[in-house]
Amino acid sequence: MTMGATGPIMKAISKRRSHRRQWRIFECIAMLILDAWLVGIAFQLAFDIRFELIPKNSFLNTILNYLHDNLAENIPHIKGGLLYPKIETFQPLEISIVIGLVAIFALKGLYKIRLTGTWFRQAVTIASSATIGLALLITYFFVFQPPSSSRLIVPFVWATSIVILSAGRLIVSGAMGLLYRFGLGETRLLVVGSGRLGKMIMQHIAASPNLGYSIVGFLNDMSEPPSDFGRFKMLGTLEDLSLVIRSMQVDEVIIALPANMHQQSIRSVKLCEKLGASFKLVPDLYELSLSRIDMEAIEGIPLIGIKQVSLNTIQGLITRTVDILLSALLILVGSPIWLLIALLIRLSSRGEIIYRQTRIGLNGHPFRIYKFRSMYEDADRVLPTLWHQNEAQGPIFKMKDDPRITLIGKFLRRTSLDEIPNLINVIQGDMSLVGPRPPLPSEVAQYEEWQKGRLAIKPGMTGLWQVHGRSNLSFDEGVLMDLYYIENWSLRLYFQILFRTIPAVLFSRGAY
C-alpha cells in the first residue's frame, strides 16, 4: 500500500534503476564486441607490418631474413622473392587470439571497470592481459611447433593490440563522458557524512566527471556546523536519509562516517537496503590513506595494517632528477617561445618582464618566486581597493575580471605560461614540479592549524588542486587536495599528476 506521494516516487526511482541496469548490460556487451573487432584490426595491422612494411625496408628486411633463418619459419606463399603469405593462412591464429584476449580481459575484470574516467587503469589491464596472451602463445609455439605459422607476427600483434585497444578505450571514455553529461546512464550520488572523509570522497568523484556520477549533495553528520561545502550542497542530517533518497531519486549512496559513528553507519546501510538503493561503505581508514593500507589474510581472516610510507632517499633522488631534467628541457626547447613572450610583455606595458615575489616554501621557509609579469606595474598597490570584490573563499584573492591584469597577461594566465619562470625555482631546489602551490606570507598568517600541513612538502608548479579545477575549487577544497597528496605521496601519484597537467593546461580548467 502506498502512502502519499511515496508510491509514484518509488516507482520513478525503480524505473530509473531498471534503466541503469539495462544500460550497464548494454555497455558490457558493446565493449565485448568492440574489443573483439579491435583485436581483429590489431591482427591485420600486425600482419601488414610483418609482411608489407618490413620487407620493403632494406635494413629491416635484413633483420627479418636473419630472424627467419634462425626461427626456421615455414611460410607457404612467396611473392617477388619476399615472404608474402595470404592472411587466410593465419585465420585460425587470429580467431584464437581474439577469443583468448577477450577471455583474459574478462578474467582480469576489464568489463567491471566503468568505461570512463579510468583510462589509465584500463590501459594497464589491456597491457598486462596482452602480455599474458603473448606468453601463452610463445609457450604454444615452443611446445607444439605448428608447421604453417609465423612466430614473428606474435610480438607485432602484442604491440598493436595494446596501442589500438588503449586508443579505442580512450575514445569510448570521451564519448561516454559526453553522454553522461547529457544525463544518459548517469548515476545520482548522495554522500552521507560531512567530515574530512566525506569531503575527500566528494572532491575525488567530482574531479572525474566522466565517471558518470552526479553528486546531488551530502548529509551532515553533526560533527561540524551544518553548511554547504563549496560547490557541494548540504541536504539535511542523517535523520533525513530516507527522505533525501526518495525526493532526490538517489541511485547510489556512499556512507563516509567517522569510526565513532559505527551505529549510524549500520543504520544508514539498513535504510539503503530497505529502499533498494545501492550503497558503498567507506571505512574510516581512508583518512589514514588507502594507498598505505596493507591487507593480507591468514586462514581466511582479513588483517589490515598501515604501511609506513615516506619520501626516502631513492624516491627523493628520482623526483629531484626528473625535476631538474624536465625543467631544463622545457627551458631549452621552449626558449624561442619564452623570448617572444618576454618581448610582448616589454612592448605591451611598463615594468619588469620577470615578476619576483616572496612566497612560503617547505616547512615555512620563504623564497623568491619568479613569474612572467601578467599585471600592470602598480598591481600590488591597487590590491587593497579590490578586496571587496574578492571571489575566492579563505585567505586568497581571486577575481575573474581583475582590472590589474594586462591584455597579454590574460592570455598567459589562461594558458599558465606566466608560470614558466617557476622552472628556475625548480632547478634551484625551492620548488618541485609537483606539490602544493606556494602561498604568500600574508596567506599563511591566516591559516588555521590544520591548513599549515600543506607546508610539509616542497611547493610545486602543479598539483592535485591544479589538475582538479584550480580556481573553480574553494580554498578548503584545495587544501584538502594538497593534504591528500602529501599523505598519499608516491612516485606513481607524482607522475600521474604530471601527465594529468597536460589536459588541464590545454583546456584551461579554472585558469584566470
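Residues numbered from 1 in each chain as written. Predicted model: local features only at pLDDT ≥ 70, side-chain atom pairs only at ≥ 80, totals over all residues. Heavy atoms only, no water.

### Side note on the nonpolar core
Where we set the bar: Nonpolar cores were defined as sets of buried Ala, Val, Leu, Ile, Met, Phe, Trp, Tyr and Cys residues, with membership established by side-chain atoms within 4.5 Å. Exposure categories follow from relative accessible area, calculated using a 1.4 Å probe and restricted to protein chains: below 20% of the type maximum is buried, above 50% is exposed, and the middle band is partly exposed. Runs of E in the DSSP output that reach at least two residues are strands. Runs of H or I that reach at least four are helices, and both are numbered from the N terminus. Residues count as neighbours in contact if any of their non-hydrogen atoms are within 4.5 Å of one another.
Phe43, Leu93, Ile97, Phe105 and Ile153 are the most contacted members of the largest nonpolar core, which totals 30 residues. Within the residue set of this core, elements represented by two or more residues are α1 (6-53), α3 (91-107), α4 (119-144) and α5 (153-181). With residues near it in sequence (within four places) discarded, isoleucine 153 still touches Phe43, Ala46, Phe47, Phe51 and Leu93. By size, the runner-up hydrophobic cluster in this structure holds 29 residues, among which are Ile341, Ile345, Phe372 and Val426.

### A look at the pattern of salt bridges
Rules: When a carboxyl oxygen of Asp or Glu is within 4 Å of a side-chain nitrogen of Lys or Arg, the pair counts as a salt bridge.
For the structure shown, the criterion picks out nine salt bridges. A salt bridge links aspartate 418 to lysine 371; its shortest N-O distance comes to 3.6 Å. Highlighted residues: aspartate 418 in the loop between α12 (407-415) and α13 (422-428) and lysine 371 in strand β11 (residues 366-372), separated in sequence by 47 residues. The same class applies to aspartate 418 and to lysine 371, which are both buried. Between aspartate 482 and arginine 454 there is a salt bridge; the shortest N-O distance is 2.7 Å. Residue aspartate 482 is located in helix α16 (residues 475-487), and its partner arginine 454 is located in the loop between α14 (441-444) and β13 (460-462); the two are separated by 28 residues in the primary sequence. Taking the relative accessible area as the measure of exposure, aspartate 482 reaches 2% and is therefore buried.

### A few points about helix α6 (residues 196-206)
Note: α-helices contain 3.6 residues per turn, so residues at a spacing of three or four share the same orientation. Among the eleven residues of α6, eight are classified as buried, and the element is accordingly described as predominantly covered. Three or more residues of α6 are buried, namely Leu197, Gly198, Lys199, Met200, Ile201, Met202, Gln203 and Ile205. Packed against the buried residues of α6 are β3 (187-192), β4 (213-220), β6 (252-255) and α16.

### Observations regarding the sheet that holds β4
Each strand in a sheet pairs with another by means of backbone hydrogen bonds, the pair being arranged parallel or else antiparallel. Put simply, the rule reads: Following DSSP output, two strands are said to pair if at least two bridges run between them. As a rule, the C-alpha atoms of each element are fitted with a line to give its axis, helices using only the stretch in contact, and angles between N-to-C directions run from 0 to 180 degrees.
Pairing is parallel across the open sheet formed by five strands, whose spatial order is β5-β4-β3-β6-β7. In this open sheet, the two edge strands, each paired with only one partner strand, are β5 (234-237) and β7 (278-281). Going across the sheet, the axis of each strand differs from the next one's by a mean of 25°, ignoring polarity. As defined by bridge partners, β6 adjoins β7 across four bridges and the pair is classed as parallel.

### What about the environment of tryptophan 23?
When you line up the elements, tryptophan 23 lands in helix α1. As a C-alpha pair, tryptophan 23 and glutamate 186 span 163 residues in sequence and 9.8 Å in three-dimensional space.

### Details of the pairing of β3
For β3, the tally of buried residues reaches five of six residues, placing the bulk of the element in the interior. Summarising the sheet, β3 and β4 pair through six bridges and their orientation is parallel. Residue pairing for β4: leucine 190 is matched across the bridge by glycine 217. In terms of strand pairing, β3 meets β6 through four bridges, oriented parallel. Across the sheet, the residue bridging to leucine 189 is glutamate 252, located in β6.

Such coordinate-based values are descriptive only and should not be taken to indicate function.
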